[in-house]
Each structure stands twice: as structure tokens, then as C-alpha cells.
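# Examination of the molecular architecture
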Amino acid sequence: MNTSTSTSTSTSATGTARDGRRTDTARSADGVPGRRPPGGFAGELASEWTKLRSVRAPYLALLAGLVITGVFTFYYASIARINGLPVQPVGNAAAASAVVTQFAFVVMATVAVTSEYSTGTVRATLLWVPRRHRVQAAKALVVGTVACLGGTVFAAVGTAVAWGAFEGRASFAAGTTLGQILAVGVYQGLVAVLTVGVALATRHPAGALSILAALLWALPSVFLGLGGDTLAAVNDRMPYGAGDHFMRAGAAAPYSSVTAVLIVAAWTAAAYGAGLYVLRRRDA
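Scope of this entry: the structure provided in the associated data block.

What follows covers helix H6 (residues 132-166). A rise of 1.5 Å per residue sets the reference length of H6, with its 35 residues, at 51 Å; its end C-alpha atoms lie 49 Å apart and thus fit the reference within 8%. A positive backbone phi angle near 50 degrees is found at Glu-167, which sits one or two residues after H6.

Time to look at the side chain of Thr-114. Here Thr-114 shows up in helix H4 (residues 91-119). A distance of 2.8 Å separates the side chain of Thr-114 from the backbone oxygen of Thr-110, its partner in a polar contact. Among all residues touching Thr-114, those that are not within four sequence positions of it are Ala-199, Arg-203, His-204 and Pro-205.

The end-to-end C-alpha distance of helix H8 (residues 205-226) is 30 Å, a good match for the 32 Å that 22 residues give at a rise of 1.5 Å each. The largest bend in H8 is about 45 degrees, located at Ala-214. Within the sequence span of H8, burial applies to Ala-208, Leu-212, Leu-215, Leu-216, Pro-220 and Phe-223. In the core, the buried residues of H8 are packed alongside H4, helix H7 (174-202), helix H9 (229-236), helix H10 (239-247) and helix H11 (257-281).

Turning next to the packing of H6 against H7. Packing of H6 against H7 leaves a shortest axis separation of 7 Å and a crossing angle of 145 degrees. Crossing hand, H6 versus H7: right-handed.

Right, let's get into the packing of aromatic side chains. Aromatic ring pairs are reported here in terms of the distance separating the ring centres and the angle at which the planes meet. Evaluated as defined, the whole model comprises four aromatic pairs. Ring plane angle 35 degrees and centroid distance 5.3 Å describe the contact between Phe-105 and Phe-154, whose orientation is recorded as tilted. Of this pair, Phe-105 sits in helix H4 while Phe-154 sits in helix H6, and the two are 49 residues apart along the sequence. Like Phe-154, Phe-105 is buried. Ring geometry for Tyr-187 against Tyr-240: centres 6.2 Å apart, planes inclined by 70 degrees, an arrangement best described as edge-to-face.

So, on to the layout of surface pockets. Reported here for the second largest pocket is a volume of approximately 180 Å³. Elements supplying a minimum of two residues to the lining of the second largest pocket: helix H2 (40-53), H4 and H6. At five residues, H4 tops the list of elements feeding residues into the lining of the second largest pocket. Within the lining of the second largest pocket, the residues separate by chemical class into seven nonpolar, three polar and four charged.

Procedures and definitions
- Counting restarts for each chain, with residues numbered from 1 along the sequence as it is written.
- Only residues with pLDDT of at least 70 are given local features in this predicted model, and only at 80 or more are side-chain atom pairs given and counted; all residues enter the totals for whole chains, interfaces and linings.
- For side-chain calculations, the full set of non-hydrogen atoms in the structure is used, while hydrogens and water are omitted.
- Helical segments are the DSSP runs of H or I of at least four residues, strand segments are the runs of E of at least two, and each set is numbered from the N terminus.
- Expected span of a helix, by definition, is 1.5 Å for each gap between consecutive residues, and there is one gap fewer than residues.
- Between N or O atoms, a polar contact is any pair within 3.5 Å; within protein, one atom must be a potential hydrogen donor and the other a potential acceptor, and residues adjacent in sequence are included only when both atoms are from side chains.
- Whether two residues are in contact is decided by their heavy atoms: any pair within 4.5 Å suffices.
- At any given residue, the bend is defined as the angle formed between two axes, one fitted to the seven residues that end at that position and one fitted to the seven that begin there.
- Per-residue accessibility, obtained with a 1.4 Å probe over protein chains only, is compared with the maximum for each type, and a residue is labelled buried under 20%, exposed over 50%, and partly exposed between these values.
- Helix axes use the C-alpha atoms of the stretch in contact, all axes being lines fitted to C-alpha atoms, and the angles between their N-to-C directions lie in the range 0 to 180 degrees.
- Each crossing is labelled by how the near helix is turned from the far one, with a counterclockwise turn of less than a right angle marking it left-handed and a clockwise turn marking it right-handed.
- For this analysis, a ring pair means two rings from Phe, Tyr or Trp (six-membered ring only for Trp) whose centres lie within 6.5 Å, classed as stacked if their planes differ by under 30 degrees, edge-to-face if by over 60, and tilted for the remaining angles.
- A cavity here means a set of points on a 1 Å grid, drawn over the protein atoms and nothing else, where a 1.4 Å probe fits but cannot get out; a pocket is an open set with protein on both sides within 12 Å along at least five of seven lines, and a residue lines either one if it has an atom within 4 Å of a point.
- Grid points are joined across faces, edges and corners, and a volume is the space filled by probe spheres set on the points.
- Just so you know the grouping, Ala, Val, Leu, Ile, Met, Phe, Trp, Tyr, Cys and Pro go in nonpolar, Asp, Glu, Lys and Arg go in charged, and all remaining residues, Gly too, go in polar.

Given below as C-alpha cells:
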């Protein structure tokens, strides 16, 4: 009886008939018939999503970003009210907060890449998926999607907070406000993909964060602080400078919103290409 039970259990687990022939019934990892684990690029996406949501750092980064959004937009709107600044679109508060909240997604994307190098699990990833461009594409798509959705939520929350703090010093138009909220989400998604490229190129969190802090915050601050038309023009071609023109409304800009988002996309593509080059050239 024990032998029969053992044989039955083995047959159920392996999906093999008693005479040695394989059965055609698909079984998932938990042994439930009729479900097959996803393969191909869909399986890679599922794997990257599992890895991202299985660690604590992304949750902490997103929570910090949400809190900072509320504080920043309340402060922004309060200053505009206290100083009697001209009425502006309410979505500008959320757009301005991106200068800080973008680093929540930078941290999330950096951890998604460099944690595998620090633990050595990247070897298993590349062994399972030898086509390295597909590994990067899956990481970028998962992280970029989360950042885009998260940035949209941040912007919606920030706009709601700012509307109350403005106390009449802001205008509300449904189309403009919705457009700004979505623009913030698109920008944050592009920043996350840019971060994936930089992190793959450096393979180290300190190196990646140093480069991104300089590119997205330090250099723009220096250019604007020093002043001058030349430095202002350079800043307008930087990722955050172009992103700011893309997200804000009602302010003079040197180019259209389409041009602005294309500049950010070009920086993202350059970083993505650099990361892919290093990923293909260097061993894990």
C-alpha cells in the first residue's frame, strides 16, 4: 500500500505515466493541473516583478516619495499664497515636486539592478536568460511601469494637497490638470528607465546614485544658480530641465512639450544603450 501511494504521488508530481510515458497535462509549480508557468518574455517580466516586490527597499522609497510629495506641494502652494504670486495652474505644484520625488524612483530602479550584482544572483538571471538585452528590457519595462503609475499617483495626491493650500492662488482646468498629472507620470517612468541604464553601466549603487544625483539635480542647480543665457540653454537640454518644461503649464518655454519629452527620451535612450553595452561586454 505504501509503494502504491508513493508511486501515485510521484506520478502526480512529475506528470509521468506509470509506464514511463509523459502525460500532456500542464502543471504549475504548486502541482495544480491546467496551469503552466509563463515562459519567454512574459516569464521574464513575471520574474522581474517578483524580484522587485519581494524586497523592502522599493516600498520604503515609494512611501518616502509620497510623503515628500505632500509636504513639498503644501509648502509650494503656501509660499505662493503668502507671497501673493500670480495665479498659476494648480498642477504646477506637483510638477515642481518632481525635482525631489524623482529620487524615490531612482532609488527603486537602482536597487532593482544593483542588488543582483551585490548578492551574485545576477549570474543565475543571466544563466536562465542568456539573451542579455531581454533581461534589461524586462527590468526597464517593470521598473518604468511602476514609476509611471507611481508618479501619476504622486502627482494626483500633490495636486489635491496643493489645491487646498493655494487658497485661491491657483486655477483649475480639468484638461490642463489631468495633462500635468499624466506628464509627471511619464517623466518619472523615463527617469526610472534611465536609472536602469546607468545602474547596469556602473553595477554599483554608490556609483549609479552619484551620477544620477549630479545629472538630475546638482548640475541643473549649478547652471541655474550661476545664471546666464548660455547656462540656461544648457540646462534646458538636461533631463530635468526638459522634464520641467514638459510638466509645467502656463510658463514660457524655449520649445514645445513634444520637444521637451523627446529630449528626456533621448537621455534615457543614451543611458539605456550604455547599460546594454556594458551588460553585453562584461561578465557577471
